[in-house]
Amino acid sequence: MPFAFVPNAAPIPASERAARIADPGFGRVFTDHMATIRWSDDKGWHEPTITARTTLTVDPATAVLHYAQEIFEGLKAYRHDDGGIALFRPDANAQRFRDSARRMAMPELPDDLFIGSIEALVKADADWIPSIDGGSLYLRPFMIASEVFLGVKPAAEYLYMVLASSAGSYWKGGVRPISLWVSHDYTRAAPGGTGAAKCGGNYATSLVAQSEAMRRGCDQVVFLDATERRWIEELGGMNIFFVFDDGSIQTPPLTGTILPGITRASILQLARDAGLSVREELYSIDQWREDAASGRLTESFACGTAAVVTPIASVAGPDYGFTIGSGGTGQTTQRFLDQLGAIQRGRAPDPYGWLHPIV
Ligand SMILES: *Cc1c(COP(=O)(O)O)cnc(C)c1O
């Protein structure tokens, strides 16, 4: 299905665009266009278009506003030194988008439409990729239940869209080790719930815990499992890794309550191929404290598309606190950050075919 392209008749002038993408931060600077595809019971997927980015007018009884039937994705387009542009593993995002849709009783968007929508949008807005260090174009595909109906049931109409946003460094001031607050009161996902689906609702439930973390002087919250409140799961929007003094690394297993991160999967692959011993096993908060104190644990880091790899400096709970290693960026953490960044930016070989060039 080809995308109808209706160019923005009044795009942002080049000088204004240059000013906006000089230091864009994350999630605030948007491009001239957006992608849209509709789904209805009777027509299936239809009307794929690239148009000027504009506001949505929705009826107040639109289903998503009431029952949160919504899913999203996040991936980046990188400008390479040779001028080419590449996406990182969009096929994995396409598959996860279908998995999320199934869990939320939404229609599955075929992979070619998912990837095609992103390709078409990136082509239209390629000039919005910042050339600054660490710059990229962040793509935000999402889908909402657009039927106007207050009955509780899977909607009969859906709207899929993609936004593009110029991005600099995710953290203000660049990569710096972060502090974590361990939430013992709130959990993010229970067995049988939606923890493995990329749905907005998971973020809604994480925000009160994130505010508590910030009130306690920490940067981010880390969640424990909902059943035993003992096993470390993940941050509000990033997976977590542990590095040990014997060179091995560990991350919690995908049991259905953790979001299967593509950055997580990529790091596991790089680590295995580098000959590191890798474990996908449960790790308890008590063990983390003990291993940090004994020196058996040397590093911890969080990972996700937006910030790629973020070192963890310290961890605090209601009646405890501990530092990871020296509180700085460990060498294994730095290595994954550099290695992934080099592949994404076309500055290192891509042995797994993770890059998807856009021509
Ligand atoms: C998106 C997300 C991640 C990271 O996934 P990536 O594919 O690496 O970006 C981790 N945890 C949660 C809850 C997420 O929503």
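Structural data are supplied above this passage.
1. Focus on empty space enclosed by the protein
- The full count for this structure, using the stated rule, is one cavity of 30 Å³ or more.
- In this structure, the largest cavity spans a volume of roughly 100 Å³.
- Along its surface, the largest cavity is lined by 13 residues, and Tyr78, Phe88, Thr263, Thr305 and Gln344 are the ones closest to its centre.
- Sorting the residues of the lining of the largest cavity by element identifies strand S6 (75-79), helix H6 (262-273) and helix H8 (331-344) as the ones contributing at least two each.
- Among the elements that line the lining of the largest cavity, the one with the most residues is S6, at three residues.
- Here the residues of the lining of the largest cavity are counted per class, giving six nonpolar, six polar and one charged.

2. Brief notes about the pattern of salt bridges
- By the definition in use, this model includes 16 salt bridges.
- Glutamate 280 is paired through a salt bridge with arginine 264; the nearest N and O atoms lie 2.8 Å apart. Here glutamate 280, found in strand S15 (residues 278-280), pairs with arginine 264, found in helix H6; they are 16 residues apart in sequence, far enough to count as distant.
- Overall, arginine 264 belongs to the buried group, its relative accessible area being 3%.
- Each of Arg98, Asp99, Arg102, Glu108 and Asp111 takes part in one network of salt bridges that share partners.

3. Digging into the site of the ligand
- In the neighbourhood of the ligand, 15 residues make up the surrounding shell, with Lys198, Tyr203, Glu234, Thr263 and Thr305 lying closest.
- Within the side chain of arginine 96, one N or O atom sits 2.8 Å away from an oxygen atom of the ligand.
- Within the complex, the protein chains bury 96% of what would otherwise be the 380 Å² of accessible surface of the ligand.
- Its residues assigned to classes, the shell around the ligand comprises four nonpolar, seven polar and four charged.

4. Observations regarding H8
- Between its first and last C-alpha atoms H8 spans 20 Å; for 14 residues at 1.5 Å apiece the expected length is 20 Å, and the two agree.
- Where H8 is concerned, the buried positions are Thr332, Thr333, Phe336, Leu337, Leu340, Gly341, Ile343 and Gln344. Taken around the axis of H8, the buried residues stretch over an arc of 165°, which confines them to a single face.

5. Some details on the packing of aromatic side chains
- Scanning all chains against the criterion turns up 15 aromatic pairs.
- Judged by centre distance (5.6 Å) and plane angle (65°), the rings of phenylalanine 97 and tyrosine 160 are edge-to-face. Here phenylalanine 97, found in helix H3 (residues 90-103), pairs with tyrosine 160, found in strand S9 (residues 157-167); they are 63 residues apart in sequence, far enough to count as distant.
- Owing to a relative accessible area of 1%, phenylalanine 97 belongs among the buried residues under this scheme.

6. What to know about the packing of H3 against helix H4 (residues 111-124)
- One can describe the packing of H3 onto H4 by two numbers: an axis separation of 9 Å at closest approach and a directional angle of 125°. By the angle between their directions, the pair H3 and H4 is classed as oblique. In the crossing of H3 with H4, the sense of the turn from one axis to the other is right-handed. Seen from H3, the contacting residues are Pro90, Asp91, Asn93, Ala94, Gln95, Phe97 and Arg98; seen from H4, they are Asp111, Phe114 and Ile115.
- Its residues assigned to classes, the contact of H3 with H4 shows five nonpolar, two polar and three charged.

7. Description of the side chain of asparagine 239
- Structurally, the position occupied by asparagine 239 is in strand S13 (residues 239-244).
- Judged by relative accessible area, asparagine 239 falls into the buried class, the value being 5%.
- A polar contact is formed between the side chain of asparagine 239 and the backbone nitrogen of glycine 261, at a distance of 3.3 Å.

8. Focus on the nonpolar core
- By size, the foremost hydrophobic cluster in this structure holds 48 residues, and its most contacted members are Val122 and Leu139.
- No other element matches the seven residues that S9 contributes to this core.
- Ignoring sequence-local partners within four residues, the contact set of leucine 139 consists of Glu73, Gly74, Leu75, Lys76, Ala77, Leu87, Ile118, Leu121, Val122, Val162, Leu163 and Ala164.
- Membership of the second largest hydrophobic core comes to 24 residues, among which are Val182, Leu224, Met238 and Tyr283.

9. Thoughts on helix H5 (residues 200-215)
- Compared with an ideal rise of 1.5 Å per residue, which puts 16 residues at 22 Å, H5 spans 23 Å between its outermost C-alpha atoms and is within 8% of the ideal.
- All of the buried residues in H5 are Asn202, Ser206, Ala209, Gln210, Glu212 and Ala213.

10. Digging into unusual backbone geometry
- At glutamate 47, a position not held by glycine, the phi torsion is positive, near 55°.
- Structurally, glutamate 47 can be placed in strand S4 (residues 44-52).
- Using a relative accessible area of 47% as the deciding quantity, one classes glutamate 47 as partly exposed.
- A positive phi angle, close to 50°, is found at arginine 89, a residue other than glycine.
- In this structure, arginine 89 sits in the loop between strand S7 (85-88) and H3.
- The exposure class of arginine 89 is buried, given its relative accessible area of 17%.

Procedures and definitions
- Residues numbered from 1 in each chain as written.
- Predicted model: local features only at pLDDT ≥ 70, side-chain atom pairs only at ≥ 80, totals over all residues.
- Heavy atoms only, no water.
- 1 Å grid on protein atoms, 1.4 Å probe; cavity = no way out; pocket = protein on both sides within 12 Å on 5 of 7 lines; lining within 4 Å.
- Points joined across faces, edges and corners; volume = space filled by probe spheres on them.
- Helix = DSSP H or I, 4+ residues; strand = E, 2+ residues; numbered from the N terminus.
- Nonpolar A, V, L, I, M, F, W, Y, C, P; charged D, E, K, R; others polar.
- Salt bridge = Lys/Arg side-chain N within 4 Å of Asp/Glu carboxyl O.
- Buried < 20%, exposed > 50% of the residue type's maximum accessible area, 1.4 Å probe, protein only.
- Near = heavy atom within 4 Å.
- Polar contact = N/O pair within 3.5 Å; in protein donor to acceptor, adjacent residues only side chain to side chain.
- Areas by Shrake-Rupley, 256 points an atom, 1.4 Å probe, with all protein chains shown as cover.
- Expected span 1.5 Å × (residues − 1).
- Arc of directions from axis to C-beta.
- Phe/Tyr/Trp six-rings, centres within 6.5 Å; stacked < 30°, edge-to-face > 60°.
- Axes fitted to C-alpha atoms, helices over the stretch in contact; angles between N-to-C directions.
- Parallel < 35°, antiparallel > 145°, perpendicular 65-115°, else oblique.
- Left-handed = near helix turned anticlockwise from the far one by under 90°.
- Contact = heavy atoms within 4.5 Å.
- Core = buried A, V, L, I, M, F, W, Y, C linked by side-chain atoms within 4.5 Å.

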